[in-house]
Protein chains: 2
Amino acid sequence: MQLNIREFSSKDASFKSELKELLSWESVSDVAVQKSVEEIVNRVRVDGDVALMELTNKFDRRSVNTASELVIEADELAQAAKRIDPALLSSLQKAANRVKIYHERQKQTSWQYEEADGTILGQQITPLDRVGVYVPGGKAAYPSSVLMNVMPAKVAGVGEIVMVVPTPDGFVNDIVLAAAHVAGVDRVITVGGAQAVAALAYGTETVPKVDKIVGPGNIYVASAKRLVFGAVGIDMIAGPSEILVVSDGLSNPDWIAMDLFSQAEHDEDAQSILISTDLGFIQKVKASMERLIDDMSRKDIIKTSLEGRGALIHVASREEAVEVANIVAAEHLELAVENPEEWLPEIRHAGAIFMGRFTPEALGDYCAGPNHVLPTSGTARFSSPLGVYDFQKRSSIIHCSHEGASELAKIASPLARGESLEAHALSAEFRIIDK
Amino acid sequence: MQLNIREFSSKDASFKSELKELLSWESVSDVAVQKSVEEIVNRVRVDGDVALMELTNKFDRRSVNTASELVIEADELAQAAKRIDPALLSSLQKAANRVKIYHERQKQTSWQYEEADGTILGQQITPLDRVGVYVPGGKAAYPSSVLMNVMPAKVAGVGEIVMVVPTPDGFVNDIVLAAAHVAGVDRVITVGGAQAVAALAYGTETVPKVDKIVGPGNIYVASAKRLVFGAVGIDMIAGPSEILVVSDGLSNPDWIAMDLFSQAEHDEDAQSILISTDLGFIQKVKASMERLIDDMSRKDIIKTSLEGRGALIHVASREEAVEVANIVAAEHLELAVENPEEWLPEIRHAGAIFMGRFTPEALGDYCAGPNHVLPTSGTARFSSPLGVYDFQKRSSIIHCSHEGASELAKIASPLARGESLEAHALSAEFRIIDK
């Protein structure tokens, strides 16, 4: 199948503007969605379980009469794990274990130090009490997403993890429940959409109020998360997934083609970009794609995504490749090059860096260990993969000795008076020795 | 002056509901403000400097003709530092140095580990390229806020720090500029409000686009930050400042009274709460407050704040005091008790913990070392003081050996097929050895 993928070169006069246009992505801000989400969130906030049941019955075509029907307890999750293919369960367990081992390296611990006068300063680091994990339901059910969102919270030591997943028409996905069991979710509530986010943010009689909500969702879920942000914590609001593959032209072109497909198959808005210094290799990858696509079960999605948002970019040098990679600030950056570790110090922005010829993104998506929840749409410029640090919080520790307080008060007092905050000044001055 | 401060006790039947009502704070979401902010942000985004100058001339009553008039370069900041009282400059320098030393402990470094088969996993940790710091101008100018927002970014290694501060009627505060000099700000732009946030988020001909915007502001600034969140990173949107003082009744009541005042003097919405097991002591503190308030220059604000949002709470035991502290999840928690370190393991939520009788909040506000930008309104349940970690970001590192990739592919493949993502499965399977 022929593929009309945008091709351009750093030699083009319009290169920078073309690149900018390629990367532009404006998350849809739909006024009607916004209004609908506000209504839903307010209803659940005011009417609790009653509103949650009504909205769930309406949107998910269910007939729930009592809120307890929405709850799947831990022992039922264990039952689901027994029902799925044992090989799949084993893969889930292996993946969860690798994710756990990697994330344990991220766990931070409290620290403090003592100054000469006995004053102690530090930070106490504690886990969140309770976290809500949103998992999309229906056709696009991703058990790997359950593992990736829940495991960092478990490693952080979060007290209770509540998962919400919509079950349209009452269809429950056993693989998703099995993943929840493997990850150690405490309870699943079969609700979704803005109503699920509202229930987690404000609590209902059945759904406990959480401290933070994480996990992907559609525009209603994303809008609801943005709305409740502040009442609870939220993770980043994700845009479409993207990959930037940088190749030196020495990989198997079929491999690179399939790596690009693996991103494109997510959805029509997903973005796959290849950069190479080798124009001939770019053409080989294109030929591989045109040959391989015919056999792909999701070939329509792949074609739409590649033709709409994909690109093949020829650059003149390694330096230019690095420059483009830093402009893109990709969610997934694959360095399919010789000695990728030599590139690393120059890569300033990327969600995850897949190094060498044997590290396709797919391994990171499932089981390498690092998280697959990554900053999209260039937000790697200022944000990080989901991690244990997202489920820990810090409290500053300040414990002044009398001598320490006396000396600090002499610094604080003029600053407070400079800001016309007299009570601040006096509160400090009261601690000065021999004043 | 008599003070009508709310008093209640954990013995009251209505205690929990009374506490809940005391703590309730709904950030104002004003539709008119929202609409106005959207217009301002869009104008600056589309028209750049022209819109920025027009809006600044209008809102700050200025008459700027060329955008370069808005810029204060680093050498002019150094001049401002020479103009202020040398004692004040010295205090700023000492405070900045202590803040720097403390924050250096927060700096995180890249890490990686190698598995038996040669696969390398880790995280590369890098500073943000460019940060914008919003500093309120006019009457309430806080040089300490400049230090607290800029120093963590400097310690993180941020490449460029741009500060914005409105100068209504052209009034420039030398102490604020001196603080910017001491902290190491690269450039100051004299703009404020939603137009300043928009300029930092999207860039204009004169204002460079930043990666993250931090710093406090009024409702227009907060609304604009919420609006641009996603295009750039932002810090938390802060509510009014609050303190919870826990006393065992053995401190000097005047000290505790002044500590409560130091919070109340910020503004009418600030919240000061005292908890004690000693009812007699609570009455002594009240008497101190009624005696001390008459001499306070900001007594009207203090009175309004204490009578509107303050409280004196009697609890039966240390356990109850801890329970209340964890419910409040205070921005500032002062443990004015004997052996406060014994309380620490039980304190789950607080922005900063001021321990013992010699650690008033005022010392932390200016110079103890920890940051004074702290989570307000109970958000300490899920967020942390501003820190170096807010100006660093992480990229996952995955570098599979061929053998490692082969083994991981065997785990990933069934999971990918379980999610109907065939290209993911094939991309992984291509790396299996001897397949």
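Residues numbered from 1 in each chain as written. Chains lettered and ligands numbered in written order. Predicted model: local features only at pLDDT ≥ 70, side-chain atom pairs only at ≥ 80, totals over all residues. Heavy atoms only, no water.

- Chain A has the name Histidinol dehydrogenase in an unreviewed UniProt entry, where Marinomonas piezotolerans is given as its organism.
- Recorded in UniProt for chain A, the comment headed Pathway (unreviewed entry) runs: "Amino-acid biosynthesis; L-histidine biosynthesis; L-histidine from 5-phospho-alpha-D-ribose 1-diphosphate: step 9/9."
- Recorded in UniProt for chain A, the comment headed Function (unreviewed entry) runs: "Catalyzes the sequential NAD-dependent oxidations of L-histidinol to L-histidinaldehyde and then to L-histidine." (UniProt positions renumbered as here; feature names shortened; annotations may be inferred.)

What to know about helix H12 (residues 299–309) of chain A
Quick reminder: α-helices carry 3.6 residues per turn. Residues three or four places apart thus point the same way.
Residues and elements named next belong to chain A.
Consideration 1: Of all the residues in H12, the buried ones are Ile302, Ser305, Leu306 and Arg309. Down the axis of H12, the buried side of the element spans an arc of 105°, and every buried residue falls inside it.
Consideration 2: Here the buried face of H12 lies against helix H1 (15–23), helix H10 (253–264), strand E11 (271–276), helix H11 (279–292) and strand E12 (311–314). (Buried < 20%, exposed > 50% of the residue type's maximum accessible area, 1.4 Å probe, protein only. Helix = DSSP H or I, 4+ residues; strand = E, 2+ residues; numbered from the N terminus. Arc of directions from axis to C-beta. Contact = heavy atoms within 4.5 Å.)

Description of the interface of chain A and chain B
Consideration 1: Between chain A and chain B, the contact holds 117 residues from the first and 117 residues from the second.
Consideration 2: Both faces considered, chain A and chain B share a buried interface measuring about 10300 Å² in area, 59% of it formed by carbon and sulfur atoms.
Consideration 3: Between chain A and chain B we count twelve salt bridges in total.
Consideration 4: If you look at where chain A meets chain B, you find 69 residue pairs in polar contact (both at pLDDT 80 or more).
Consideration 5: For the side of chain A that touches chain B, the leading source of residues is helix H15 (residues 402–418) of chain A, giving eleven residues.
Consideration 6: Of the residues that constitute the side of chain A that touches chain B, the class distribution is 60 nonpolar, 31 polar and 26 charged. (Buried area = accessible area lost by both parts, 1.4 Å probe. Salt bridge = Lys/Arg side-chain N within 4 Å of Asp/Glu carboxyl O. Polar contact = N/O pair within 3.5 Å; in protein donor to acceptor, adjacent residues only side chain to side chain. Nonpolar A, V, L, I, M, F, W, Y, C, P; charged D, E, K, R; others polar.)

Concerning the sheet that holds strand E5 (residues 130–134) of chain B
Across a sheet, strands are paired by hydrogen bonds formed along the backbone, either parallel or antiparallel in direction.
Residues and elements named next belong to chain B.
Consideration 1: Spatial strand order, E2-E7-E6-E5-E8-E9: six strands in an open sheet with mixed pairing. Every other strand in the sheet has two partners, leaving strand E2 (71–73) and strand E9 (233–234) as the edge strands with one partner each.
Consideration 2: Across three bridges, the pairing between E5 and strand E8 (residues 212–214) is parallel. Among the inter-strand pairings, Val133 is bridged to a residue of E8, identified as Val214.
Consideration 3: On the sheet, helix H4 (residues 74–83) packs against E2 and strand E7 (187–189) and is oriented at approximately 75° with respect to E2.
Consideration 4: Sheet strands in contact with helix H8 (residues 193–202) are E5, strand E6 (160–164) and E8, and its direction is about 175° off that of E5. (Pairing = 2+ DSSP bridges. Axes fitted to C-alpha atoms, helices over the stretch in contact; angles between N-to-C directions.)

Side note on the nonpolar core
Consideration 1: Grouped together as the largest cluster of nonpolar side chains are 69 residues, with contacts concentrated most on Leu92, Met163 and Val188 of chain A.
Consideration 2: Core analysis: the next-biggest nonpolar cluster, separate from the first, contains 68 residues, Leu415 and Leu421 of chain A together with Val176 and Val388 of chain B among them. (Core = buried A, V, L, I, M, F, W, Y, C linked by side-chain atoms within 4.5 Å.)

Regarding the pairing of strand E4 (residues 120–127) of chain B
Residue and element names in this part refer to chain B.
Consideration 1: A large share of E4 lies buried, amounting to seven of its eight residues.
Consideration 2: Of the pairings in the sheet, the one linking strand E3 (residues 111–114) to E4 comprises four bridges and is antiparallel in character. In the strand pairing of E4, Gln112 is matched with Gly122.
Consideration 3: Hairpin remark: E3 followed by E4, antiparallel, with five residues in the connecting loop; positive phi at Gly118, about 95°.

Let's talk about the packing of helix H4 (residues 74–83) of chain A against helix H7 (residues 174–183) of chain A
Residues and elements named next belong to chain A.
Consideration 1: With their axes 7 Å apart at the nearest point, H4 and H7 run at an angle of 120° to one another. One finds that H4 runs oblique with respect to H7. The two elements H4 and H7 meet at a crossing, and its hand is left-handed. Within the contact between the two elements, H4 uses Leu77, Ala78, Ala80, Ala81 and Arg83 and H7 uses Asp174, Leu177, Ala178, Ala180 and His181.
Consideration 2: Looking at the contact of H4 with H7 residue by residue, the classes come out as seven nonpolar, one polar and two charged. (Parallel < 35°, antiparallel > 145°, perpendicular 65-115°, else oblique. Left-handed = near helix turned anticlockwise from the far one by under 90°.)

Structural notes on the sheet that holds strand E10 (residues 242–247) of chain A
Consideration 1: The mixed open sheet is built from nine strands, whose spatial order is E1(A)-E12(A)-E11(A)-E10(A)-E13(A)-E14(A)-E15(B)-E4(B)-E3(B). Looking at which strands have only one partner, the edges of the open sheet turn out to be strand E1 (6–9) of chain A together with E3 of chain B. Between one strand axis and the next, the sheet turns by 20° as a mean value, whatever way the strands run.
Consideration 2: The pairing of strand E14 (residues 352–355) of chain A with strand E15 (residues 392–399) of chain B spans three bridges and is classified as parallel. Note on E15 of chain B: the bridge partner recorded for Phe354 of chain A is Ile398 of chain B.
Consideration 3: Its contacts with the sheet place H1 of chain A against E1, E11 and E12 of chain A, and it is angled at close to 145° to E1 of chain A.
Consideration 4: Against the sheet, H11 of chain A contacts E1, E10, E11 and E12 of chain A, and its axis sits at roughly 165° relative to E12 of chain A.

So, the relation of the copies chain A and chain B
Consideration 1: After a rotation of 180° and a shift along the axis of 0.0 Å, chain A superposes on chain B with an RMSD of 0.0 Å. Put plainly, the chains are arranged around a two-fold axis. Relative to the rotation axis, the C-alpha of Arg226 of chain A is the closest in chain A, positioned 4.4 Å from it.
Consideration 2: Of the interface residues in chain A, 100% have counterparts in chain B that sit at the interface too, so the contact is made through matching surfaces. (Least-squares fit on C-alpha atoms with pLDDT ≥ 70 in both.)

Some words on the pairing of strand E10 (residues 242–247) of chain B
Strand residues, when the strand is regular, have side chains that alternate between the two faces of the sheet.
Residue and element names in this part refer to chain B.
Consideration 1: With six of its six residues buried, E10 lies for the most part within the structure.
Consideration 2: Of the two faces of E10, both are covered, the one formed by Glu242, Leu244 and Val246 as well as the one formed by Ile243, Val245 and Ser247.
Consideration 3: The sheet contact formed by E10 and strand E11 (residues 271–276) spans six bridges and is parallel. Paired with Leu244 across the bridge in E11 is Ile273.
Consideration 4: In this fold, the crossover linking E10 to E11 by way of helix H10 (residues 253–264) has right-handed handedness.
Consideration 5: Here E10 runs beside strand E13 (residues 332–336); their pairing, made up of five bridges, is parallel. The residue of E13 that forms the bridge with Ser247 is Ala336. (Right-handed = clockwise from strand over helix to strand, strands pointing away.)

Observations concerning the UniProt feature "binding site: substrate" (unreviewed entry) in chain A
Residues and elements named next belong to chain A.
Consideration 1: Under the UniProt annotation, "binding site: substrate" (unreviewed entry) lies at Ser241, Gln263, His266, His332, Asp365, Glu419 and His424. Judged by maximum C-alpha separation, these annotated positions cover 184 residues in sequence and are scattered in space, the widest gap reaching 55.8 Å.
Consideration 2: Mapping Ser241 onto the fold places it in the loop between strand E9 (233–234) and E10.
Consideration 3: By relative accessible area, Ser241 is classed as buried at 14%.

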